[in-house]
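Tertiary structure, described
So the chains spell out like this:
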Amino acid sequence: MLSAGDLNFQFQRRLLSQTVAKAGVKTYGYLFEQHLLSVEPYLGVSHANLAPFVYGLVPLLNETASSIALSRAVIDYWVSFATSLDPNDGLGVPRPLWPQYTSDNPVHHLATSTSVLHADLTYQVNGDNLTAIPDDYRKEQIEFINDNAVLFHH
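Not measured: the values here are computed from a predicted model.

Quick look at the environment of Val-58
- The residue Val-58 is located in the loop between α2 (51–54) and α3 (65–84) in this model.
- Considering only alpha carbons, one finds Val-58 and Ser-71, 13 residues apart in sequence, at a separation of 6.7 Å.

Some remarks on the nonpolar core
- Formed by Phe-32, Leu-36, Val-39, Leu-50, Phe-53, Val-54, Val-58, Ile-68, Leu-70 and Val-74, the largest nonpolar core amounts to ten residues.
- Mapped onto this core, the elements with two or more residues apiece are α2 and α3.
- With three residues, the top contributor of residues to this core is α3.

Brief notes about helix α4 (residues 139–147)
- All of the buried residues in α4 are Gln-141, Ile-142 and Ile-145. When α4 is viewed along its axis, its buried side chains cluster within an angular range of 95° and face the same direction. Within α4, the exposed residues directed more than 90 degrees away from the buried face are Glu-140 and Asp-147.
- Buried residues along α4 sit against α1 (4–22).

Cut-offs used in this document
- Residues numbered from 1 in each chain as written.
- Predicted model: local features only at pLDDT ≥ 70, side-chain atom pairs only at ≥ 80, totals over all residues.
- Heavy atoms only, no water.
- Helix = DSSP H or I, 4+ residues; strand = E, 2+ residues; numbered from the N terminus.
- Core = buried A, V, L, I, M, F, W, Y, C linked by side-chain atoms within 4.5 Å.
- Buried < 20%, exposed > 50% of the residue type's maximum accessible area, 1.4 Å probe, protein only.
- Arc of directions from axis to C-beta.
- Contact = heavy atoms within 4.5 Å.

Now the structure itself:
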C-alpha cells in the first residue's frame, strides 16, 4: 500500500540519493524514526520530529536519556557536515561512523527506538539503535511509483 510519505518523501529522496551518488557527489542519507514522548504514539514520527533534536531542545521536553544522547549526536553530525562536508570529521561527541551513500553501497543512517526496517544500507537514527541499514525499505511501493511516473506526475 502506498503512503503519502512514499510519494512526497521516500521516492524523491531515494531518486535524488541514487542520482547524485551515481554522479560521484558525496551523499549521506538518514531515516529518522525516534519517537518523542510528547507526541502521541499513534501519530508516528513526522518530519517535524527531527527539529528538537537538531536544535538541542530535547532536554527541555523531558525526553529519555537516549533521546538526549541522540540529540547531541545529531547536532554534531550536522555541524560536522556543514563545516567540513563530512559528518565523520571526528569532532564532537563520540558517535558511529555515518556511511556514505554510494551506487555500490546505498545505505542510510537510521534512528529508531524500534527497528521496523529491513535490510542496500541506510543509517538508522535512534537513540537506542544508531546503525546503517540498506536503502531497500518500501522498495515495492517506490518501484510502483517509478513504473507509473506519468500517473504520479513524476
